[in-house]
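Structural characterization, general
Next come the chains, spelled out residue by residue.
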Amino acid sequence: MNTTWSRFNIASLVLGFAFLYLPIVLLVVYSFNESRLVTVWAGFSTKWYVSLFNNQSFIDAAWVTIRVGLVSASIATILGTLGALAMTRYTRFRGRLLFSAMIYAPLVMPEVITGLSMLLWFVAIGFDRGIWTMILAHITFSMCFVAVVVQSRLVTFDRSLEEAAMDLGATPVTTFFKVTLPVILPAVVSGWMLAFTLSLDDLVISSFTSGPGATTLPMRIYSQVRLGVTPEINAACTILIAMVAVGVIIASIANKRREVQKARDEQAAARNQ
């Protein structure tokens, strides 16, 4: 009986991963296809990557995407971290319930509603749509993700470390930058990476809040796909997949090294005692 269930679990796992990742593998493989037809393999070639880097519209869209992602993720990380501090350190203040609802609302709000509401707001105040409206919109929906990630770390934070620092004469600001921030830094970095990834991937909200000369790479890819999938799109998607994979690998290695260093410090402290 156990063997039957074990085989069933393995088969379910294999089918699930195949359903998720096999289309991505096919996309990567056909990005090196010699033929323009994306469903017919005609040999290995990298000419579509060369063609992609010579396509100025894709290059401009990529730079817009990177600028929007970097700026919005950085600001969202600062605001999300401050929001997480307010939620964990100040448990009783007037309007806390409303503040919590405003932080968590974008997590469950459909992107169509968020994008449309931001569009109506920018039109109402007479703010011309462009790269800055996209940045503001991306900050709005990504800062809540940062707040949730950082808050989960602050809940388990040992506040006696801060109390000890302030007993030794450190100011609250110094305590935050010298004690609190280094401890919660992995969560802050994770929140930044999540916000950057969400901004990099967003299509719906960007479509509502973009303007002339502010076309992101997902918007450019979507507009091209409506006319038909080309090998250049496969090449662009492969580069995005590679960027995300490299980012995940770097973050994993850095986290592993941090854990190893922490274990060494704890062993050294134990030996000194």
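Overview of the structure. Note that this is a predicted model, so its numbers are computed, not measured.

The rules behind these values
- Counting of residues starts from 1 at the beginning of each chain's written sequence and follows it residue by residue.
- Owing to the predicted nature of the model, reporting of local features is limited to residues with pLDDT of at least 70; listing and counting of side-chain atom pairs is limited to 80 or more, with chain, interface and lining totals taken over all residues.
- As a convention, hydrogens and water are excluded, and side-chain values are obtained from all of the structure's heavy atoms.
- Here a helix means four or more residues in a row that DSSP labels H or I, a strand means two or more in a row labelled E, and each is numbered from the N terminus.
- For a compact globule the rule gives 2.2 Å times the number of residues to the power 0.38, and the radius of gyration it is set against comes from C-alpha atoms.
- For the exposure calls, accessible area comes from a 1.4 Å probe over protein chains only, and a residue counts as buried if that area is under 20% of its type's maximum, exposed if over 50%, partly exposed in between.
- Residues are treated as being in contact if the distance between any of their heavy atoms lies within 4.5 Å.
- Counted charges follow a simple rule, with Lys and Arg positive, Asp and Glu negative, and His plus the chain ends left uncounted.
- By convention, the charge on Lys lies at NZ, on Arg at CZ, on Asp at CG and on Glu at CD.
- For a helix, the expected span equals 1.5 Å multiplied by the number of residues minus one.
- The quantity called bend is, for any residue, the angle between two axes fitted respectively to the seven residues ending at it and the seven beginning at it.
- Grouping buried Ala, Val, Leu, Ile, Met, Phe, Trp, Tyr and Cys residues that are joined through side-chain atoms within 4.5 Å yields what is termed a nonpolar core.
- Here an angle of 0 to 180 degrees is reported between the N-to-C directions of two axes, which are lines fitted to C-alpha atoms, with helices fitted over the stretch in contact.
- By the definition adopted for this analysis, an angle is roughly parallel if under 35 degrees, roughly antiparallel if over 145, roughly perpendicular if from 65 to 115, and oblique otherwise.
- When the near helix sits turned anticlockwise from the far one by under a right angle, the crossing is termed left-handed; a clockwise turn instead gives a right-handed crossing.
- Residues are sorted three ways: Asp, Glu, Lys and Arg are charged, Ala, Val, Leu, Ile, Met, Phe, Trp, Tyr, Cys and Pro are nonpolar, and all the rest, Gly among them, are polar.
- Each salt bridge in this description consists of a side-chain nitrogen of Lys or Arg and a carboxyl oxygen of Asp or Glu lying within 4 Å of one another.

1. Brief notes about the overall build of the protein
Regarding its fold elements, the protein presents 11 helices and 0 strands. Secondary structure elements of the protein occur, N-terminal to C-terminal, as α-α-α-α-α-α-α-α-α-α-α. Over its C-alpha trace the protein gives a radius of gyration of 23 Å, far above what one expects of a compact globule, namely 19 Å for 273 residues. Oriented by its inertia axes, the alpha-carbon framework of the protein measures out at about 70 × 65 × 40 Å. Considering the protein as a whole, with its 273 residues, one finds that 31% of them fall into the buried category. Counted over contacts in the protein with a minimum sequence separation of 6, partners at least 24 positions apart contribute 69%. When the 20 positive and 14 negative side-chain charges of the protein are each reduced to one mean point, those points stand 3 Å apart.

2. Description of the environment of G115
By secondary structure assignment, the location of G115 is in helix α5 (residues 111-125). Through-space distance from the C-alpha of G115 to that of L185 is 31 Å; in sequence the pair is 70 residues apart.

3. Some points on helix α4 (residues 96-108)
Compared with the 18 Å implied by 1.5 Å per residue over 13 residues, the 19 Å span of α4 between its first and last C-alpha is a close match. Maximal helix bending in α4 amounts to about 25 degrees, located at M102; proline P106 follows within four positions. Within the span of α4, buried status applies to S100, I103 and P106. Among the structural elements, α3 (56-89) and α6 (131-155) are those in contact with the buried residues of α4.

4. Brief notes about the nonpolar core
Grouped together as the largest cluster of nonpolar side chains are 12 residues: A73, A84, L85, V146, V150, L154, F157, I184, V188, A195, F196 and L200. For this core, the secondary-structure elements that each account for two or more residues are α3, α6 and α8 (172-201). At 5 residues, α8 tops the list of elements feeding residues into this core. The residues contacting A84, other than those within four sequence positions of it, are A147, V150, Q151 and L154. Counting 10 residues, the second-largest nonpolar core is a separate cluster that includes Y49, I221, I233 and A236.

5. What about the packing of helix α7 (residues 160-167) against α8?
When two helices pack together, their arrangement is given by the angle between the helix axes and by the axis-to-axis distance. At a minimum axis distance of 10 Å, the contact between α7 and α8 shows a crossing angle of 130 degrees. Taken as axis vectors, α7 and α8 run oblique relative to one another. For α7 against α8, the interelement crossing comes out right-handed. Residues L161, E162, A165 and M166 of α7 lie in contact with α8, whose contacting residues are P172, T175, V179 and T180. Counted by class, the contact of α7 with α8 contains 5 nonpolar, 2 polar and 1 charged residues.

6. Regarding the pattern of salt bridges
Throughout the structure, instances matching the rule amount to 2 salt bridges. The partner of K47 in a salt bridge is E34, with the nearest N and O atoms 3.4 Å apart. You can see K47 sitting in helix α2 (residues 47-53) and its partner E34 sitting in the loop between α1 (2-30) and α2, a full 13 residues away along the chain. Between E162 and R159 there is a salt bridge, and its shortest N-O distance comes to 3.5 Å. A relative accessible area of 5% places E162 in the buried class. What makes R159 partly exposed here is its relative accessible area of 42%.

7. Notes on the side chain of E162
Checked against the element boundaries, E162 lands in helix α7. Residue contacts for E162: discarding those within four places in its chain leaves R89, F157, T175, V179 and T180.

8. Points about the packing of α3 against α6
Where α3 contacts α6, the two axes come as close as 5 Å, and the packing angle between them is 40 degrees. The pairing of α3 with α6 is recorded here as oblique in orientation. Crossing of α3 over α6 shows right-handed handedness. Its residues placed into classes, the contact of α3 with α6 shows 20 nonpolar, 8 polar and 2 charged.

9. Details of the environment of L217
Positionally, L217 belongs in helix α10 (residues 217-225). Judged by its relative accessible area of 10%, L217 is buried. For L217, the residues in contact, after removing those within four places along its chain, are F58, A61, A62, T65 and L240.

What is shown is where atoms sit, not what they do.
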